[in-house]
Amino acid sequence: MDKKIVLGITGGIAAYKGAELTRLLVKEGFTVQVVMTEAAKSFIMPLTFSTLTGRPVYHTLFGGPHQSSTLHIDLARDPHLIVVAPATANIIGKAANGIADDLLSTVLLAVRLEKYPVILAAAMNTAMLHNPAVRQNMSLLRRRGFIIADPLAGELACGEVGEGRMAEPEQLLSLIKRTLAKRDDYGGVSVLVTAGPTREPLDPVRFFSNHSSGRMGYALARAAKERGAKVYLVSGPTSLEPPAGVEFYAVATAQEMYDVTLTLFPEADVVIKTAAVADYRPASASAHKLKKGEELQLRLVHSPDILQELGKRKKKQFLVGFAAETADLLISARSKLEQKNLDIIVANDVMQEGAGFEKETNIVQLLYRDGGAEELPLMSKAELSHEILDRIKACRQH
Ligand code: C5P
């Protein structure tokens with residue numbers, strides 16, 4: 001494999017595992033360019049890495065032997081992937097906050113996530129890992145498109161037992177290979193994702209809505225973008241930042257989501273409808289705030305079923321629906337798949353621990369048009385997105 005990887009090593013005890021990762025990458029045929037921080041050199045010698053890679057190791061921003069003054073830009077210009085292993089709380093904090101005070105942090109500020117992936121293999125003490133500042137930095141980086149390899153639980157160098165150990169070099173190697181293999185497998189494919197709740201107004205200050213956070217849809221949009229798709233994200237109101245590089249449409253009501261989605265539909269090859277669209281809306285919205293008074297009777301009318309309409313109009317499009325249920329999961333999901341003319345329905349029991357709205361994880365079953373079904377284990381919404389995209393790709397190839 002003739003691919004160039006920039007490998008950052010920071011100052012944690014897991015730096016020695018960075019040497020093992022280097023060995024594995026070189027053995028796989030990667031060209032590995034190592035960049036070390038000052039603190040990393042207290043744990044392991046640059047000579048170890050230059051011997052393993054057969055290349056000089058860079059550690060200063062300016063003035064190294066035979067070093068260009070724009071080395072940070074050169075390193076970030078055309079790698080196939082950048083990985084930092086171990087990534088300490090410090091480098092994660094710098095990357096999240098735009099601080100560039102040494103070579104590696106400057107390279108991380110010059111990255112082009114739309115061109116290549118960046119993996120940060122977090123490693124630190126459990127208390128640091130659970131510090132709100134670190135958690136916030138990690139989730140900010142994830143939202144921006146960095147891939148964070150979560151640390152594992154086990155014995156830590158400080159003598160404590162807990163979460164914080166860097167993922168093993170073999171695991172990182174397979175994550176790197178998987179990430180590179182998935183890069184661009186959606187090149188030339190247009191993916192339309194709907195996400196979040198809708199809001200159905202009752203009066204100018206009140207609305208009907210639901211608990212959807214939009215996380216599943218945003219994770220799918222990000223994953224499709226990472227894999228080279230042209231992505232349209234139509235979203236109801238959420239607190240999330242749209243992933244970089246997607247074409248974003250903010251909507252509020254089911255009717256607005258219907259209008260935008262149907263306009264974009266002819267452009268789409270794959271449509272994934274994670275949005276929790278309101279099934280009913282108030283028959284009329286008052287122009288003024290309703291005053292407190294006598295008992296109020298509300299009449300609700302159906303809002304348009306977007307997916308049903310897409311199912312009727314579909315030509316080349318591959319349609320994926322989501323079914324959040326609290327009872328009779330598989331029977332309801334199967335009947336929705338048939339009724340709405342879908343190719344896959346992703347069913348989840350939102351009463352189950354670890355599944356559903358407002359969570360970072362999900363547990364789902366996939367039901368296929370041909371009658372097949374598949375149960376997936378508990379996983380993060382980011383991982384699940386890639387699993388779903390893998391299945392869609394396989395079905396479309398048949
Ligand atoms: O029928 P139900 O609402 O459970 O179906 C869920 C699927 O249908 C989801 O994919 C959802 O995005 C979609 N849907 C829709 N328009 C509606 C209701 C649901 O597109 N009005």
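Nothing here was measured: the structure is a model prediction, and the numbers come from that model.

Digging into the layout of surface pockets
Here is step 1: Put simply, the largest pocket is a space of about 1300 Å³.
Here is step 2: Contributing to the lining of the largest pocket are 40 residues, with R142, I148, S380, A382 and E383 lying nearest its centre.
Here is step 3: Those elements giving two or more residues to the lining of the largest pocket turn out to be α8 (132-144), β5 (147-149), α9 (169-182), α10 (215-226), β21 (379-380) and α14 (381-397).
Here is step 4: Looking at the lining of the largest pocket residue by residue, the class counts come to 16 nonpolar, 7 polar and 17 charged.
Here is step 5: Each of domain 1 (4-182) and domain 2 (190-280 + 294-396) accounts for three or more of the residues forming the lining of the largest pocket.
Here is step 6: What lines the second largest pocket is a set of 37 residues, among which A275, A276, V277, D279 and F322 lie closest to the centre.
Here is step 7: Looking at the lining of the second largest pocket, the elements that each hand over two or more residues are α10, α12 (306-313), β16 (318-325) and β17 (344-349).
Here is step 8: At 4 residues, the largest contribution of residues to the lining of the second largest pocket is made by β16.

Considering the domain arrangement of the protein
Here is step 1: Annotation of the protein at the domain level lists domain 1 (4-182) and domain 2 (190-280 + 294-396).
Here is step 2: Inter-centroid distance (C-alpha atoms) of domain 1 to domain 2 is 35 Å.
Here is step 3: Counting from both sides, the interface comprises 4 residues of domain 1 and, opposite them, 6 residues of domain 2.
Here is step 4: Counting the surface lost from both domain 1 and domain 2, the interface buries some 590 Å², and carbon and sulfur atoms represent 49% of this.
Here is step 5: On inspection of domain 1 and its partner domain 2, the count reaches 1 salt bridge.
Here is step 6: Taking the shortest distance from any N to any O, the salt bridge between K182 and D390 comes out at 3.8 Å.
Here is step 7: Summed over the shared surface of domain 1 and domain 2, the result is 1 residue pair in polar contact (both at pLDDT 80 or more).
Here is step 8: Across the side of domain 1 that touches domain 2, the residue classes tally to no nonpolar, 1 polar and 3 charged.

Side note on the packing of α10 against α14
Here is step 1: One way to put it is that α10 packs onto α14 with a least axis distance of 8 Å and a crossing angle of 60°. As the angle between them shows, α10 and α14 are arranged oblique. Seen along the crossing, α10 lies across α14 with a hand that is right-handed. For the pair α10 and α14, the contacting residues are R215, M216, A219, L220, A223, A224 and E226 in the first and K381, A382, L384, S385, H386, I388 and L389 in the second.
Here is step 2: Each residue belonging to the contact of α10 with α14 can be placed in one class, and the counts come to 9 nonpolar, 2 polar and 3 charged.

Thresholds applied
Residues numbered from 1 in each chain as written. Predicted model: local features only at pLDDT ≥ 70, side-chain atom pairs only at ≥ 80, totals over all residues. Heavy atoms only, no water. 1 Å grid on protein atoms, 1.4 Å probe; cavity = no way out; pocket = protein on both sides within 12 Å on 5 of 7 lines; lining within 4 Å. Points joined across faces, edges and corners; volume = space filled by probe spheres on them. Helix = DSSP H or I, 4+ residues; strand = E, 2+ residues; numbered from the N terminus. Nonpolar A, V, L, I, M, F, W, Y, C, P; charged D, E, K, R; others polar. Domains from an automatic or database assignment. Contact = heavy atoms within 4.5 Å. Buried area = accessible area lost by both parts, 1.4 Å probe. Salt bridge = Lys/Arg side-chain N within 4 Å of Asp/Glu carboxyl O. Polar contact = N/O pair within 3.5 Å; in protein donor to acceptor, adjacent residues only side chain to side chain. Axes fitted to C-alpha atoms, helices over the stretch in contact; angles between N-to-C directions. Parallel < 35°, antiparallel > 145°, perpendicular 65-115°, else oblique. Left-handed = near helix turned anticlockwise from the far one by under 90°.

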